[in-house]
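Close look at the chain arrangement
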Amino acid sequence: MNHRETAYALLRVTMGAIFFFFGIGKFIGGISNFVGGMNQHFSGKLPAFMVMPFAYFLPFGEVIAGALILFGLFTRAGLTLSGLLLVGLTFGTAMLGEAPTVAHNLQYALVNFVLLWLLDLNRYSLDSLFRGKAELRLAS
């Protein structure tokens, strides 16, 4: 067992769980409540036409990206989506002047970068499982 591949899997699963459960939490609290709270939070800083579409998409994006990363299915796409979400979230928190949250988002972005950078270590994943089955079929 390769310790680097195991470490990668643990970091990937952790990142996926974070995104997945933060997204689920927004659904549990109610999408309209979340969007309304975001709109109020950004009032006077960003126009509603920028905030509301992002706020409606965010829970879906977090759940989708989180599930893909968690299970290692279309991992590159899941990490790209989570990276784009982090760019949007960081932009918004920077506009609010919330430096601690911006720094926190930067930590997530760094982990996201590392996971993308080391994607070749993604052995313990559905991507790897399906790739192995496809290679067996091609070899037959």
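Look up: the structure comes first, before these words.
Residues numbered from 1 in each chain as written. Predicted model: local features only at pLDDT ≥ 70, side-chain atom pairs only at ≥ 80, totals over all residues. Heavy atoms only, no water.

1. Section: the packing of helix α3 (residues 48–71) against helix α4 (residues 75–96)
- Their axes nearest at 9 Å, the elements α3 and α4 cross at an angle of 145°. For the pair α3 and α4, the sense of crossing is left-handed. Where α3 approaches α4, its residues M50, F54, F57, L58, G61, E62, I64, A65, L68 and I69 are matched on the opposing element by T75, G78, L79, L81, S82, L85, G88, L89 and F91.
- Class assignment for the residues of the contact of α3 with α4 results in 13 nonpolar, five polar and one charged. (Axes fitted to C-alpha atoms, helices over the stretch in contact; angles between N-to-C directions. Helix = DSSP H or I, 4+ residues; strand = E, 2+ residues; numbered from the N terminus. Left-handed = near helix turned anticlockwise from the far one by under 90°. Contact = heavy atoms within 4.5 Å. Nonpolar A, V, L, I, M, F, W, Y, C, P; charged D, E, K, R; others polar.)

2. Remarks on a nonpolar patch on the surface
- The grouping of F27, F57, F60 and I64 at the surface amounts to a nonpolar patch, some 370 Å² of accessible area in total.
- Tracing the sequence through the fold places F60 in helix α3.
- Overall, the relative accessible area of 44% leaves F60 in the partly exposed class. (Patch = residues over 30% accessible without salt bridge, like charges linked within 9 Å, V, L, I, M, F, W, Y side chains within 5 Å. Areas by Shrake-Rupley, 256 points an atom, 1.4 Å probe, with all protein chains shown as cover. Salt bridge = Lys/Arg side-chain N within 4 Å of Asp/Glu carboxyl O. Buried < 20%, exposed > 50% of the residue type's maximum accessible area, 1.4 Å probe, protein only.)

3. What about the packing of helix α1 (residues 3–29) against α3?
- Their axes nearest at 7 Å, the elements α1 and α3 cross at an angle of 150°. Taken together, α1 and α3 sit at an angle that is classed as roughly antiparallel. For the pair α1 and α3, the crossing hand works out as left-handed. Residues R12, V13, M15, G16, A17, F19, F20, F22, G23, I24, K26 and F27 of α1 form the contact with α3, whose participating residues are L58, P59, F60, E62, V63, G66, A67, I69, L70 and F71. (Parallel < 35°, antiparallel > 145°, perpendicular 65-115°, else oblique.)

4. With respect to the packing of aromatic side chains
- Considering all chains together, one arrives at three aromatic pairs under this definition.
- On the basis of an interplanar angle of 85° and a centroid distance of 4.9 Å, the ring pair of F27 and F60 is categorised as edge-to-face. Taken as a pair, F27 in helix α1 and F60 in helix α3 lie far apart in primary sequence, 33 residues in all. (Phe/Tyr/Trp six-rings, centres within 6.5 Å; stacked < 30°, edge-to-face > 60°.)

5. A closer look at the nonpolar core
- Counting 21 residues, the largest nonpolar core has Y8, M15, F34, M38, F42 and L79 as its most contacted members.
- Taken together, the elements giving at least two residues each to this core come down to α1, α2 (31–41), α3, α4 and α5 (99–117).
- Dropping the residues within four chain positions of it, F42 is found in contact with V51, G92 and L96. (Core = buried A, V, L, I, M, F, W, Y, C linked by side-chain atoms within 4.5 Å.)

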